[in-house]
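# Per-entry structural report
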Amino acid sequence: MATTKKVIQVDGGNSTPTQPSRTFVPTPEAKGRATRLRLIAGLLWFVAICAQIGAIFLLLKQVPNMMIWMIVLIVVDLASVIIGSLLWKKSNRLDPASEKDKFKFFLQNQLGLFAAIVAFLPLIIFIFTSKNLDGKQKGILGGIAVLALAIAGITSYDFNPPSVEQYTEQTNRVEWLNDGQDHVFWTKSGTKYHLYEDCPHINSKRTDEIYSGTVAQARELKNITELCKTCENRAIKERGLKEADYSAGVSQTTSEANE
Ligand SMILES: [Zn+2]
């Protein structure tokens, strides 16, 4: 039985053949969205730090129901850090950093981790050194704050940071395989992008929606970084491509870039 599948075109279907072997540059639209996401992330991290300052203030002032209010503020702090960091990571997938400057690359990709530390570490120090809390209270509040820092840190850290070089390589590879077109397919649950809409790996899955767009969009929307091997081999076979030509093209670009 043939199933009809809906293909959702993310890029509006206007992908034009592009010159192979060029450095990846985000579209002005992607750059604009990245900037907006970064501003919102910064704002949320600011809210997180304000919540932390509020919690420290309560601790110093010893207000009634201090424990409950501090826990509420720690939750606000945590939620703001996490949402901010998720938006920050998304902005980097839209507008990745270059690996050439290692320090800037690390800082840009892992800024969420620093935000998590700044948003919790001072509070943790205040809790454990406070004279206004007894041992049991310190254990409860300190434990909650340390756990919040751990959760914020893990969710903020980018375990698979995107880079201009990675996008360039992956886009060039797809364009070489795909007759100059940066156009791939993926599904909601898949972890790979495909060159062919009728690839058995997308069609055998129990999904009724196939997405299509550029390599960068597959990364941005689903964090997909891998090309389907079946599609790759099929393209090489069908188009009679030679791996040596690709390597030659890449080394040619590298030498051009170094000139
Ligand atoms: Zn495939």
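The paragraphs below set out a description of the structure included in this document.

Conventions we followed
- Residues numbered from 1 in each chain as written.
- Predicted model: local features only at pLDDT ≥ 70, side-chain atom pairs only at ≥ 80, totals over all residues.
- Helix = DSSP H or I, 4+ residues; strand = E, 2+ residues; numbered from the N terminus.
- Buried ≥ 20, exposed ≤ 12 C-beta atoms within 10 Å, placed from the backbone.
- Contact = placed C-beta atoms within 7 Å.
- Pairing = 2+ DSSP bridges.
- Axes fitted to C-alpha atoms, helices over the stretch in contact; angles between N-to-C directions.
- Core = buried A, V, L, I, M, F, W, Y, C linked by C-beta atoms within 7 Å.
- Parallel < 35°, antiparallel > 145°, perpendicular 65-115°, else oblique.
- Nonpolar A, V, L, I, M, F, W, Y, C, P; charged D, E, K, R; others polar.

Per the secondary structure count, the protein includes 10 helices and five strands. Counting only residues that meet the buried cut, the protein has 34% of its 259 residues in that class. Long-range contacts, defined here as pairs at least 24 residues apart, represent 76% of the contacts in the protein between residues at least 6 apart.

Another aspect to go through is unusual backbone geometry. A positive phi angle, close to 55 degrees, is found at Asn-65, a residue other than glycine. Looking at the element boundaries, Asn-65 is found in the loop between α1 (28-61) and α2 (66-94). A residue is classified by how many C-beta atoms lie within 10 Å of it, and Asn-65, with 9 of them, is exposed. The phi angle at Asp-179 is positive, at roughly 60 degrees, despite the residue not being glycine. Inspection of the secondary structure assignment puts Asp-179 in the loop between α6 (164-177) and β2 (184-187).

Across the sheet, which stays open at both edges, the three strands sit in the order β1-β4-β2 with mixed pairing between neighbours. Each end of this open sheet is capped by a strand with a single partner; those strands are β1 (6-9) and β2. Ignoring which end each strand starts from, the neighbouring axes of this sheet average 30 degrees apart. Across four bridges, the pairing between β2 and strand β4 (residues 209-213) is antiparallel.

This part takes up the environment of Pro-162. Within the secondary structure, Pro-162 is located in the loop between α5 (135-156) and α6. Taking the C-alpha atoms as reference points, Pro-162 and Glu-220, 58 residues apart in sequence, are found 9.6 Å from one another.

The next thing to look at is helix α8 (residues 215-222). Buried residues dominate α8, accounting for six of its eight residues. Buried residues of α8: Val-215, Ala-216, Gln-217, Ala-218, Arg-219 and Glu-220, and no others. Contact partners of the buried residues in α8: α2, α6, β2, β3 (192-193) and β4. At the C-terminal side of α8, Asn-223 shows a positive phi close to 55 degrees.

The subject of this paragraph is the nonpolar core. With 32 residues, the main nonpolar core has Val-81, Ala-119, Phe-120, Ala-145 and Ala-152 as its most contacted residues. Elements represented by at least two residues in this core include exactly α1, α2, α4 (111-129) and α5. Formed by 20 residues, the second largest nonpolar core is a distinct cluster that contains Leu-177, Trp-186, Ile-210 and Ile-224.

This part takes up the packing of α1 against α4. Here α1 crosses α4 at 5 degrees, and the two axes come no closer than 9 Å. Classified by the angle their axes make, α1 and α4 are roughly parallel. Only Ala-115, Val-118, Ala-119, Phe-120, Pro-122, Leu-123, Phe-126 and Ile-127 of α4 make contact with α1, whose side of the interface consists of Trp-45, Ala-48, Ile-49, Gln-52, Ala-55, Ile-56 and Leu-59. Partitioning the contact of α1 with α4 into residue classes produces 14 nonpolar, one polar and no charged.

Read these as spatial facts, not as claims about activity.
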